[in-house]
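Read off the chains here:
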Amino acid sequence: LLKLGYVKKCEDTKKYQLGDRFSELFQPYIQRNILLKHAEPLMKKLTERIKESVVLAVFFRGERYTIATVSYENQVLTVNLNQFEKKCCYDVATGRILLSYLDEEELKEYIRKNGYPGKRWGNIRNLSQLKKEIEKIRKEKIAIRDGKEVIAVAVPVFGTQDKVVASLGVYLPSL
């Protein structure tokens, strides 16, 4: 553990303490808990106001995951903070937001693994078309996915140094 950096030895006391690698291992979970702590009351308030479901999604290890959902059904508010549901970024508005704020290398890696969206998103079939849609989302700070039965709207959630840490999405019935 010492050689791998999970613990370090204090030369003065000769005692061991947690190392940097240990902190790196748990950092995503710590960040998730901090994000949920701040997002939960806002998600509840929004759900109660619009009487529709709200989701919170993050980009983790190259994929988009829903980490929290607040639902409003039959005048009952349901909160699920123990969620970790994976979906393709191309298919959902929250994913499109998250994709739009990736750096160049992360975006290219996502494309390498998933290809271009094609019919799943505006018939995008190359990098220049995708970058055009991404720039539009970044400029407007909103993504809208208009489906036959549901319209999804998502916005970025900014953390420190204006870095996008999550995406907040709302799903509404189409008219």
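Structure shown above.
The following paragraphs examine the structure supplied in this document. It should be emphasised that the depicted structure is a prediction, and the values quoted were computed from it without experimental measurement.

Describing the pattern of salt bridges
Phase 1: Applying the stated criterion to the full structure yields eight salt bridges.
Phase 2: The shortest N-O distance in the salt bridge between lysine 131 and glutamate 104 comes to 2.9 Å. Taken together, the residues span a long stretch of sequence, with lysine 131 in helix α4 (residues 127–140) and glutamate 104 in helix α3 (residues 104–114) at a distance of 27 residues.
Phase 3: You can call lysine 131 partly exposed: its relative accessible area is 30%.
Phase 4: Three or more residues joined by partner-sharing salt bridges are found here, namely Glu104, Lys108 and Lys131.

Topic: helix α2 (residues 93–100)
Phase 1: Judged by how many residues are buried, α2 sits mostly within the fold: eight of eight residues are covered.
Phase 2: Every buried residue of α2 is listed here: Ala93, Thr94, Gly95, Arg96, Ile97, Leu98, Leu99 and Ser100.

Observations concerning the packing of α3 against α4
Phase 1: Closest axis-to-axis distance for the α3/α4 pair is 12 Å, and the angle between their directions is 125 degrees. One finds that α3 runs oblique with respect to α4. With respect to the hand of their crossing, α3 and α4 are arranged in right-handed fashion. Contact with α3, carried on its side by Glu104, Leu107, Lys108 and Ile111, involves Leu127, Leu130, Lys131 and Ile134 of α4 and no other residues of that element.
Phase 2: Taken together, the residues of the contact of α3 with α4 sort by class into five nonpolar, no polar and three charged.

How each quantity is defined
- Residue positions within a chain follow its written sequence, with the count starting from 1.
- The model is predicted, so local features are restricted to residues of pLDDT at least 70 and side-chain atom pairs to those at 80 or more, both for listing and for counting; the totals for chains, interfaces and linings are taken over all residues.
- Excluding hydrogens and water, the side-chain figures rest on all heavy atoms present in the structure.
- When a carboxyl oxygen of Asp or Glu lies within 4 Å of a side-chain nitrogen of Lys or Arg, that pair is called a salt bridge.
- Counting from the N terminus, the helices are the DSSP runs of H or I reaching at least four residues and the strands are the DSSP runs of E reaching at least two.
- Three exposure classes are used, based on accessible area relative to the maximum for each residue type with a 1.4 Å probe and protein chains only: buried under 20%, partly exposed in between, and exposed over 50%.
- Note on method: axes are straight lines fitted to C-alpha atoms, helices fitted across the in-contact stretch only, with angles between N-to-C directions ranging 0 to 180 degrees.
- These descriptions rest on fixed angle ranges, namely under 35 degrees for roughly parallel, over 145 for roughly antiparallel, 65 to 115 for roughly perpendicular, and the rest for oblique.
- Crossings are sorted by hand: turned counterclockwise from the far helix by less than a right angle, the near helix makes the crossing left-handed, and turned clockwise it makes it right-handed.
- By definition, residues are in contact when any of their heavy atoms lie within 4.5 Å.
- Classes in brief: Ala, Val, Leu, Ile, Met, Phe, Trp, Tyr, Cys and Pro nonpolar; Asp, Glu, Lys and Arg charged; the others, Gly included, polar.

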